[in-house]
Amino acid sequence: MKHLGTILSGISLLILIILFNSKWGSIPPLGKLLSPTHGYLIDPELQGIQSGFSMVELGGLKDSVQVYFDDRMVPHIFASNDEDAYFVQGYLHARDRLWQMEFQTHFAAGRLSEIVGEKALVVDRTNRRLGMVYAAEKSLEEMEKDTLTFLAMNAYTAGVNSYIGTLEEKDLPLEYKILDYQPEPWSNLKSALLSKYMAKDLAGYDDDFERTAVIATMGKEIFDLMYPNREDSLDPIIPKAFIPPFGKLTIQAVHDSSYFHPPMPDLIEREKPDKANGSNNWALAGSKTMTGRPILCNDPHLKLRLPSIWYEIQITTPEYSCYGVSIPGAPGILIGFNEYVAFGSTNAMRDVMDYYEITFRDKSKSQYLYNGRWESTSSRIETYVIRDAKTQADTVFYTHFGPVVYDENFRGLKNDHLRSNAGKFYAVRWKAHDPSNDIVSFLLLDRAKNYDDYRKAIARFSCPGQNLIFASASGDIAITQQGVFPAKWRYQGEFIMEGKDSLYEWQGMIPQDQVLTMKNPERGFVSSANQLPADPKEYPYFLGGDYVYERGYRINQILRKLQKATVQDMIDLQNDNFNIRAHQIRGLLIETLKKRNFTNEADSYFHILERWNLYNDSASEGATVYSLLMDSLEQRIWGDELKKSQIGSMPEHSTLIQNLLRNINFACVDNVLTPQVETFDEQLSAAFLSIVPVLDELKKVGRLTWGKYKQTCVPHLMDIKQNMSSLSRLDLNVGGGDGIVNATKKSHGPSWKMIVSLTSPVEAWGVYPGGQSGHPGNPYYDTGVGPWSEGKYFKLWFMKPFEKGSDKIIQTLVFKP
Amino acid sequence: MNIIKYLIFIIGTLVVSALLTYIGPWWLIFVGPLLFAFFFKISYGKSFLVGAFSIMLFWAIMLLIRSDVFVGSITEKIALLLPLRGSRVALSLVTLVVGGVIGGLAGLNGRSWRRSFGLTQ
């Protein structure tokens, strides 16, 4: 064959080009990525900041908009009307964070497998079956009914799309080149999906299956030891004096004792948000500050990622001027201040997600039993376009409670592991499914001038419940646990409930005039750190939720003592590393261990623990010894119960401590899987001895100090294993931890730290572990990581119109219509 | 005589590749070596080598043009992302090899097509 050689060489060339143009497994398309004409070197955002003055023409603007960038690339937008302001916000969010915006909304929409293939299918199915898209659609409908929200969302979306329209394939951000896909147009629905992404993170943590498994296998007595319903609330957000006298309790408990003997649930392992998603905030009245004016502080605790969930921005129109952090994907400023007021939020932690067991009439699942009748389900076909694999479809049935998340086609993370033969059906009732305008409250807070404006702004906020804190330059401070919460009877929603009648349904929502709020208390401060909002004995509705008390307790302890507080006092408090739990239990640990004789090696660790100053500072060895000891002790004490319940989740650290302080040999101390009865003494010694070799190893590699052990990092959104030194910031040597005001864990912690002093003019400080630009390689990719790790803050520039010639401006960008 | 042929090949490929990749995707680099190896009388071996060399040169020049970005942090990040231990040198080599392989195979194609179309004896 004369032409065989030619044909073969032609085919090989074609194949080679295709190979270098596509992803092979996790290896990015080498030709596309590396070529100097189209690859990673071509990102227009890597050219560095173009200092000086540039002009950009943007179709869609009504008027010209000036944007001034300071030395951290924070944009200060000056627009003559709202639409243009939100348009430019959208444009800049896209310019700096497009990939992040798309990736996060694809996650919420259950579309990650379109980008990364089959390995994301389970997570995608979880989010679709949880009704994330359904929730976003319903909220969008609601949001578009409001004039301001509709205007803001439309302008924002147009701005994002305006930027996307300027991109050619070679201009795409790096992650698109690595993962080999292209952006799609933005839409208002995507902004709604983003707000559901936050709602899931903050109000989507749920333990109903796990708790039900524990009570079903271990009984109520053990259950109460593992998951105490905090009757004794130390320092709730709203003290008793601020709870209005409610009339007779209208929510009647309807259960009998069989409620505490539920059947064993199916063993479903679930993908969940981080339980620690919470925050700190507090506001001091002028009576307690040096300046005589209020100070407001807020640090939201979320997953630490690059790019950061937050984007600093200042928006000025003739009507208002607001500075703060926004979330790429949505218009407005969520935590921030203007010259009149400051505002922020922490997570309420209230349980607004309950599961109901559904009885279907037959395999078709077209009807389910409810109040003695067969009601019809509706169904939604979810289609999964999977990269490099066949498209799959999934039918999700909807009851009046909500979607049937788990049925025979979907069993959670371990999808093919039908360990129980019963195969039950579970529908979810989630507040996030109810129509809500999640955005307007923040748009209004941005413009607020006083306490009344604050109340009007937050009145429409429904889910996720938040402790919205407020301070005004005129001297008011306030906090409200705002949300639309189900009015529950005691223990309602703690377990999976029967869904075959209305007996266990939510009977209604707590009326807005019975929402917990507090204004100008005599003690001179308001605060919240995810603790119980009120003493359960004082509030007529069940406050089920995942509360923690340690940070709130410590914060209030310090705030009570503070007089003439300065900004430095606030910095010190946000960075406070005091370990309350250790303070409570260390004495008992030392006393108990003292009775034993250890080797020299072990003895040295004992002394480290004994001498420890109880602060989880990065240089502390005691913190490491304590942490490892408690982890080991917890495993020993709770491990047998968790094993028997099969899917039970580890109780809170504070639960173990509270139980031990009451009774050193409480029931769970014994390992029920062994014939002998273990005492606390034995368990503690065994725990201690087990960690000695671990501590030795850490000492050898120089990681015995808390910061080096914890290895706090800020991983890139793609970096699942948290080890990609190319794109992530690793091994940051930071103190703090769980149950500590400085709530910095491994890759979770204060994602934004803000302090606002409402003087005239207003002054503020802030920092987040990330940078304004989401483009790896851009000099502003991770600006804040270093300073944040060192507990430092930047002075935030609340730019005034007359400062347009300031030398703080690095670049001026003028957008013309 | 030969030198001039090769010079035209190389410079011609640079020009063609620059133009095509300006308006089109990166893989249009194959066009230059293929065309020149088709129209010029060059052996198979040399078609591959000169094809590879001209694309490697093209990309090397483009890297130099973008050297301000190349010396920045993005390059190191890519060199860490790929199993290259953060070495800019290794990354440059891999880049040039990718380009060179395509250029070389394109040149080989040009020579083969020349034979199939009966343009050579």
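Residues numbered from 1 in each chain as written. Chains lettered and ligands numbered in written order. Predicted model: local features only at pLDDT ≥ 70, side-chain atom pairs only at ≥ 80, totals over all residues.

What follows covers the overall build of chain B. On a plain count of helices and strands, chain B comes out with six helices and zero strands. For chain B, the α and β elements follow one another from N to C terminus as α-α-α-α-α-α. In terms of principal-axis extent, the alpha carbons of chain B reach across some 50 × 25 × 25 Å. Across the 121 residues of chain B, 46% fall into the buried class. In chain B, of all internal contacts separated by at least 6 residues, the share reaching a separation of at least 24 is 68%. (Helix = DSSP H or I, 4+ residues; strand = E, 2+ residues; numbered from the N terminus. Buried ≥ 20, exposed ≤ 12 C-beta atoms within 10 Å, placed from the backbone. Contact = placed C-beta atoms within 7 Å.)

The next point concerns the overall build of chain A. Summing up its helical and strand segments, chain A has 22 helices and 26 strands in all. Here the C-alpha atoms of chain A give a radius of gyration of 28 Å, agreeing with the 28 Å that 2.2 N^0.38 yields for 817 residues. For chain A, the spread of C-alpha atoms along the principal axes amounts to about 85 × 80 × 65 Å. Here the contacts in chain A between residues at least 6 apart in sequence split such that 72% fall between residues at least 24 apart. (Rg over C-alpha atoms; globule rule 2.2 N^0.38 Å.)

Let us now look at helix α15 (residues 567-574) of chain A. All names here are of chain A. The complete set of buried residues in α15 reads Val 567, Asp 569, Met 570, Leu 573 and Gln 574. Taken down its axis, α15 places every buried residue within 155 degrees of arc, on the same side. Those residues of α15 that are buried lie in contact with β5 (295-303), α14 (550-561), β23 (753-757) and β24 (763-767). (Arc of directions from axis to C-beta.)

Moving on to the confidence of the model for chain B. Put simply, chain B has an average pLDDT of 92, and 98% of its residues get 70 or more. Per-element confidence in chain B is highest for helix α3 (residues 44-65) of chain B, whose mean pLDDT is 95, and lowest for helix α4 (residues 67-70) of chain B, whose mean pLDDT is 89. (pLDDT = per-residue confidence, 0-100.)

Let us look at the sheet that holds strand β19 (residues 497-498) of chain A. Residue and element names in this part refer to chain A. With respect to topology, four strands assemble into an open sheet ordered β15-β16-β10-β19, the strand pairing being mixed. Strand pairing shows two members of the sheet lacking a second neighbour, β15 (404-406) and β19, which therefore form its edges. Where strand β10 (residues 353-358) and β19 come together, two bridges link them in parallel fashion. Following the sheet pairing, Tyr 356 is matched in β19 by Met 497. (Pairing = 2+ DSSP bridges.)

So, about the pairing of strand β26 (residues 811-816) of chain A. Residues and elements named next belong to chain A. With six bridges connecting them, strand β1 (residues 52-57) and β26 associate as parallel partners. Its bridge partner lying in β26, Ser 54 is registered against Leu 813. Taken together, the five bridges between strand β2 (residues 65-69) and β26 define a ladder with antiparallel strand orientation. Paired with Phe 69 across the bridge in β26 is Gln 811.

A separate point is the environment of A:Leu661. All names here are of chain A. When you line up the elements, Leu 661 lands in helix α19 (residues 653-662). With 13 C-beta atoms counted inside 10 Å, the residue Leu 661 sits in the partly exposed group. In this structure, the C-alpha to C-alpha distance between Leu 661 and Asp 394, residues 267 residues apart in sequence, is 50 Å.

Let's shift gears to the pairing of strand β6 (residues 311-316) of chain A. Residues and elements named next belong to chain A. Judged by how many residues are buried, β6 sits mostly within the fold: six of six residues are covered. A two-sided burial pattern is seen for β6, the buried positions comprising Tyr 311, Ile 313 and Ile 315 on one face and Glu 312, Gln 314 and Thr 316 on the other. Examined bridge by bridge, strand β3 (residues 75-78) and β6 share three bridges and lie parallel to one another. Counterpart to Ile 77 in the pairing with β6 is Ile 315. As paired strands, β6 and strand β7 (residues 321-326) are joined by six bridges and run antiparallel to one another. Each bridged residue has a counterpart across the sheet, and for Ile 313 the counterpart in β7 is Gly 324. Between β6 and β7, which pair antiparallel in sequence order, lie four residues.

What follows covers helix α18 (residues 622-645) of chain A. Residue and element names in this part refer to chain A. In a regular helix each residue adds 1.5 Å, so 24 residues correspond to 34 Å; α18 covers 34 Å between its end C-alpha atoms and thus fits that length. Considering bend angle alone, the principal kink of α18 is centred on Trp 638 and spans about 50 degrees. Just past α18, the residue Gln 646 takes up positive phi, approximately 70 degrees. (Expected span 1.5 Å × (residues − 1). Bend = angle between axes of the 7 residues up to and from the residue.)

All names here are of chain A. With their axes 7 Å apart at the nearest point, helix α3 (residues 82-108) and helix α7 (residues 147-164) run at an angle of 40 degrees to one another. Here α3 lies oblique to α7, going by the angle between them. At the point where α3 passes α7, the crossing takes the right-handed sense. Every residue of α7 that contacts α3 at Asp 82, Glu 83, Tyr 86, Phe 87, Val 88, Gln 89, Gly 90, Tyr 91, His 93, Ala 94, Arg 95 and Leu 98 is listed here: Leu 151, Ala 152, Ala 155, Tyr 156, Thr 157, Ala 158, Gly 159, Val 160, Ser 162, Tyr 163 and Ile 164. In terms of residue class, the contact of α3 with α7 is built from 14 nonpolar, six polar and three charged. (Axes fitted to C-alpha atoms, helices over the stretch in contact; angles between N-to-C directions. Parallel < 35°, antiparallel > 145°, perpendicular 65-115°, else oblique. Left-handed = near helix turned anticlockwise from the far one by under 90°. Nonpolar A, V, L, I, M, F, W, Y, C, P; charged D, E, K, R; others polar.)

Once that is clear, we can look at the interface of chain B and chain A. Put simply, an interface is often sized by how much accessible area is lost when its parts join up. On the chain A side, the residues contacting the 31 residues of chain B number 29 residues. Mapped onto the side of chain B that touches chain A, the elements with two or more residues apiece are α3, α4, α5 (73-81) and α6 (88-116) of chain B. A total of 13 residues in the side of chain B that touches chain A trace back to one element, the largest contributor, which is α6(B). Of the residues contributing to the side of chain B that touches chain A, the split by class is 21 nonpolar, seven polar and three charged.

Residues and elements named next belong to chain A. Position of Pro 403 relative to the elements: it lies in the loop between β14 (392-398) and β15. Spatially, the C-alpha atoms of Pro 403 and Val 88 are 38 Å apart, while their sequence positions differ by 315 residues. Ignoring sequence-local partners within four residues, the contact set of Pro 403 consists of Arg 129, Gly 131, Tyr 134, Val 396, Tyr 398, Ala 427 and Val 428.

With that settled, consider the packing of α5(B) against α6(B). Residues and elements named next belong to chain B. With their axes 9 Å apart at the nearest point, α5 and α6 run at an angle of 75 degrees to one another. When the axis of α5 is compared with that of α6, the two are roughly perpendicular. Contacts between α5 and α6 involve Thr 75, Glu 76, Ile 78 and Ala 79 from the former and Arg 88, Ala 90 and Leu 91 from the latter. Of the residues contributing to the contact of α5 with α6, the split by class is four nonpolar, one polar and two charged.

Now for the sheet that holds β3(A). All names here are of chain A. With mixed pairing, the eleven strands of this open sheet are ordered in space as β1-β26-β2-β3-β6-β7-β8-β9-β17-β18-β20. Taken across any chain shown, the strands that pair with only one partner, and hence form the sheet edges, are β1 and β20 (517-519). Strand-to-strand twist across the sheet, computed as the mean angle between neighbouring axes with direction ignored, equals 15 degrees. Strand contacts of α3: β2, β3, β6, β7 and β26, with the helix running at about 160 degrees to β6, the strand carrying the most contacts.

All right, on to the nonpolar core then. A general feature of soluble globular proteins is that nonpolar side chains tend to end up buried together. Residue and element names in this part refer to chain A. If you look at the biggest cluster of nonpolar residues, it comprises 260 residues, and the most contacted ones within it are Val 88, Ala 283 and Tyr 426. The element contributing the most residues to this core is α3, with 13 residues. With sequence-adjacent residues up to four places away left out, Ala 283 is seen in contact with Pro 294, Ile 295, Leu 296, Ile 469, Ala 471, Ile 477, Phe 525 and Val 526. (Core = buried A, V, L, I, M, F, W, Y, C linked by C-beta atoms within 7 Å.)

Next up on the list: unusual backbone geometry. Residue and element names in this part refer to chain A. A cis amide bond, omega -10 degrees, links Leu 306 with the succeeding residue Pro 307. Relative to the assigned elements, Pro 307 resides in the loop between β5 and β6. The omega angle of the peptide bond from Ser 760 to Pro 761 is 0 degrees, so this bond is cis rather than trans. Here Pro 761 is to be found in the loop between β23 and β24. With a phi angle near 50 degrees, Asn 371 is a residue other than glycine that sits in the positive phi range. Mapped onto the elements of the fold, Asn 371 is located in the loop between β11 (367-370) and β12 (373-376). On the basis of neighbour counts, which here come to 10 C-beta atoms within 10 Å, the residue Asn 371 falls in the exposed class.

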